[in-house]
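Fold and contact review
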Amino acid sequence: MCHPVALLAAQVGMQLMGQQAETKASINMYRSQEQAALANQKMSERRQEQIAEEYGREEGRMRDRMRLVAGQNAAAGGAAGLQMGGSLMDVLGASYAGYLDDKAANLRNQRNDVYNEFVQGWNYGQEAEQARAGMFNAKMAGRRAMFGTILGGLQQYHTLRSNLKRGYSGGGPGLEATTKPGNTVSNGNYTIYKQNGQLQFKNNNKPWNAGKWR
């Protein structure tokens, strides 16, 4: 036969195991979120570098086109016997002004795209911070819940021992109480249940032997 105190210990132990498993699951969930956010942040940082590199290459292509246009105009002017002045200079000046406009627009687009990607990366960093905070809170909440379970188990143990002593002396409370599902623990020999918020016990076999459980 199993002593009621052993039944209570088993009940508290099972509750602690459930709380520990729930806490571990929450921590693992937040850890996965943190790892995903950090991975996205790294990818965002890499995309910022790629954006800057692409716009740098585009600026180089614009310079090459400008040099090509200037060379073609100079060659055409030389073939026509024109000097570097007048209409030839006007053509070259217009081409260079267009190049400067394109260069400025390219720089603005680069800055905008890099900034937008930077903000996205910053958001991923914030998500990682929130996940770390959630992981810490889940850990602390689990510890508080388990500590409360232990304290509650100790209180129930004290109440149960007091009831056992009263039962030995013949002054125990009435044991025919209506119980709710989940408020009863039994191994077939003994039953522990709640009555008016207090733990009570019932011997399903024979009267208690006071000396046996001392």
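Use the structure listed above.
Residues numbered from 1 in each chain as written. Predicted model: local features only at pLDDT ≥ 70, side-chain atom pairs only at ≥ 80, totals over all residues. Heavy atoms only, no water.

1. Topic: the side chain of Ser44
Stated precisely, the cut-off is as follows: A run of H or I in DSSP counts as a helix once it spans at least four residues, and a run of E counts as a strand once it spans at least two, with each numbered from the N terminus. Partly exposed describes any residue whose relative accessible area lies between the buried limit of under 20% and the exposed limit of over 50%, with all areas from a 1.4 Å probe on protein chains only and scaled to the type maximum. Whether two residues are in contact is decided by their heavy atoms: any pair within 4.5 Å suffices.
Note that Ser44 resides in helix H1 (residues 4-79). Since its relative accessible area comes to 0%, Ser44 is described here as buried. Ignoring any residue separated from it by four or fewer positions in sequence, one finds Ser44 in contact with Glu117, Gln120, Gly121 and Tyr124.

2. Things to note about a nonpolar patch on the surface
To be explicit about the condition: For patch detection, residues must exceed 30% relative accessible area and be free of salt bridges, and they are connected within 9 Å for like charges or within 5 Å for nonpolar side chains (Val, Leu, Ile, Met, Phe, Trp, Tyr). Calculation of accessible area relied on Shrake-Rupley with a 1.4 Å probe; when residues are assessed, cover is drawn exclusively from the protein chains displayed. Salt bridges are defined by distance alone: a side-chain nitrogen of Lys or Arg within 4 Å of a carboxyl oxygen of Asp or Glu.
Together, Phe147, Ile150, Leu151 and Leu154 give the surface a local cluster of nonpolar side chains, amounting to about 400 Å² of exposed area. Tracing the chain through its elements places Leu154 in helix H2 (residues 87-168).

3. Brief notes about the nonpolar core
The condition that has to hold: We define the nonpolar core as a collection of buried residues of types Ala, Val, Leu, Ile, Met, Phe, Trp, Tyr and Cys that are connected through side-chain atoms lying within 4.5 Å of one another.
If you look at the biggest cluster of nonpolar residues, it comprises 5 residues: Val5, Leu8, Val12, Leu16 and Leu160. Other than its neighbours up to four places away in sequence, Val12 contacts Thr149 and Gly153.

4. Brief notes about the pattern of salt bridges
Tallied over the entire structure, the rule returns 10 salt bridges. Across the salt bridge formed by Glu117 and Arg47, the nearest N and O atoms sit 3.0 Å from each other. Pair noted here: Glu117 is in helix H2 and Arg47 is in helix H1, with a separation of 70 residues, a long-range link. We classify Glu117 as buried; its relative accessible area is 13%. Here the salt bridges do not stand alone but share partners, grouping Glu54, Arg57, Glu58, Arg61 and Arg65 into one network.

All we've got here are geometric facts, nothing functional implied.
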